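Listed below, chain by chain, are the residues.
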Amino acid sequence: RVRIRPGKGNITINGSTLDEYMPTEVSRMIVKQPLVVTGNEGKYDLIVKVIGGGYSGQAGAIRHGLSRALVKANIENKAALKAAVDAEKAESTEE
């Protein structure tokens, strides 16, 4: 479950900060990706509750939930998120 509210960019996952909870920089980057893509870094506080899977799977699940929450907060975020997904797909097919 990902909840967002206007704030200063604090990210809390299961009661811990992002840096405390996610062990790798890659996992932290995955969690923050929707905020970066939509230009919303530092504009929302995130409260996340996640269970099951490993850290990588949890990071992906948080990214998905955060993307949905950002679109719900502002439909204009959908275009930026879709463009990022399309670019990622194009990059993976080039390999």
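Remember, it's a predicted structure, so these values are computed and weren't measured experimentally.

**Side note on the overall build of the protein chain**
Consideration 1: For the protein chain, the helix and strand inventory stands at four helices and four strands.
Consideration 2: Element order for the protein chain, N to C, with α for helix and β for strand: β-β-β-α-α-β-α-α.
Consideration 3: Scaling as 2.2 N^0.38, a compact globule of 95 residues should have a C-alpha radius of gyration of about 12 Å, and the protein chain matches this with 13 Å.
Consideration 4: Each of the 95 residues in the protein chain was classed as buried or not, and the buried ones make up 31%.

**A word on the sheet that holds strand S3 (residues 16-17)**
Consideration 1: The strand order across the open sheet formed by four strands is S1-S4-S2-S3, and the pairing between neighbours is mixed. This sheet does not close on itself; its edge strands, each paired only once, are strand S1 (2-6) and S3.
Consideration 2: Pairing geometry for strand S2 (residues 11-13) and S3, over two bridges, is antiparallel. Bridge pairing links Thr 12 to Thr 17 in S3.
Consideration 3: Each of S1, S2 and strand S4 (44-48) touches helix H3 (residues 55-73); the most contacted strand, S1, lies at about 45° to it.

**Considering the nonpolar core**
Consideration 1: Membership of the largest hydrophobic core comes to 17 residues, with the highest contact counts inside it found for Ile 13, Met 22, Leu 46, Val 48 and Ile 62.
Consideration 2: Contributing elements (two or more residues each) for this core: S2, helix H1 (18-21), helix H2 (25-38), S4 and H3.
Consideration 3: Of the residues forming this core, the biggest block, four residues, is contributed by H3.
Consideration 4: Residues contacting Met 22, with those up to four places away along its chain left out, are Ile 13, Ser 27, Arg 28, Val 31, Tyr 55, Gln 58, Ala 59 and Ile 62.

**Looking at H3**
Consideration 1: The end-to-end C-alpha distance of H3, which contains 19 residues, comes to 26 Å, matching closely the 27 Å that a straight helix rising 1.5 Å per residue would cover.
Consideration 2: Among the residues of H3, Gln 58, Ala 59, Ile 62, Gly 65, Leu 66, Ser 67, Ala 69 and Leu 70 are the ones counted as buried.

**Thoughts on the packing of aromatic side chains**
Consideration 1: Going through the model one piece at a time under the given rule, you end up with one aromatic pair.
Consideration 2: Centroid distance Tyr 21 to Tyr 55: 5.7 Å. Interplanar angle 75°. Geometry classified as edge-to-face. Residue Tyr 21 is found in helix H1, and its partner Tyr 55 is found in helix H3; the two are separated by 34 residues along the sequence.
Consideration 3: Here Tyr 21 falls in the buried class, since its relative accessible area comes to 15%.

**Here's the deal with the pairing of S4**
Consideration 1: In terms of burial, S4 is largely enclosed, as four of its five residues are buried.
Consideration 2: Two elements, S1 and S4, share five bridges in a ladder whose sense is antiparallel. What sits directly across from Ile 4, in S4, is Leu 46.
Consideration 3: As paired strands, S2 and S4 are joined by three bridges and run parallel to one another. Residue pairing in the sheet places Ile 11 in a bridge with Leu 46 of S4.

The rules behind these values
Along each chain, residue indices are assigned from 1 in the same order as the chain's sequence is written. Confidence filtering applies because this is a predicted model: local features only for residues at pLDDT of at least 70, side-chain atom pairs given and counted only at 80 or more, and all residues used for totals across whole chains, interfaces and linings. Hydrogen atoms and water are omitted, and side-chain values are computed over all heavy atoms in the structure. Secondary structure follows DSSP: runs of H or I at least 4 residues long count as helices, runs of E at least 2 residues long count as strands, and numbering of each begins at the N terminus. C-alpha atoms define the radius of gyration in this analysis, and the globule rule sets the expected value at 2.2 Å times the number of residues to the power 0.38. Burial classes: relative accessible area under 20% of the type maximum marks a residue as buried, over 50% as exposed, and values in between as partly exposed (1.4 Å probe, protein chains only). At least two DSSP bridges between two strands are needed for those strands to be called paired. By definition in these notes, contact holds between two residues if any of their heavy atoms fall within 4.5 Å. To obtain an axis, a line is fitted to C-alpha atoms, over the contacting stretch when the element is a helix, and the angle between two such axes runs from 0 to 180 degrees between their N-to-C directions. In these notes, a set of buried Ala, Val, Leu, Ile, Met, Phe, Trp, Tyr and Cys residues joined through side-chain atoms within 4.5 Å is what counts as a nonpolar core. Between the first and last residue of a helix there are one fewer steps than residues, each counted as 1.5 Å, and that sum is the expected span. Between 30 and 60 degrees the pair is tilted, below 30 it is stacked and above 60 it is edge-to-face, where a pair is any two Phe, Tyr or Trp rings, Trp via its six-membered ring, whose centres lie within 6.5 Å.

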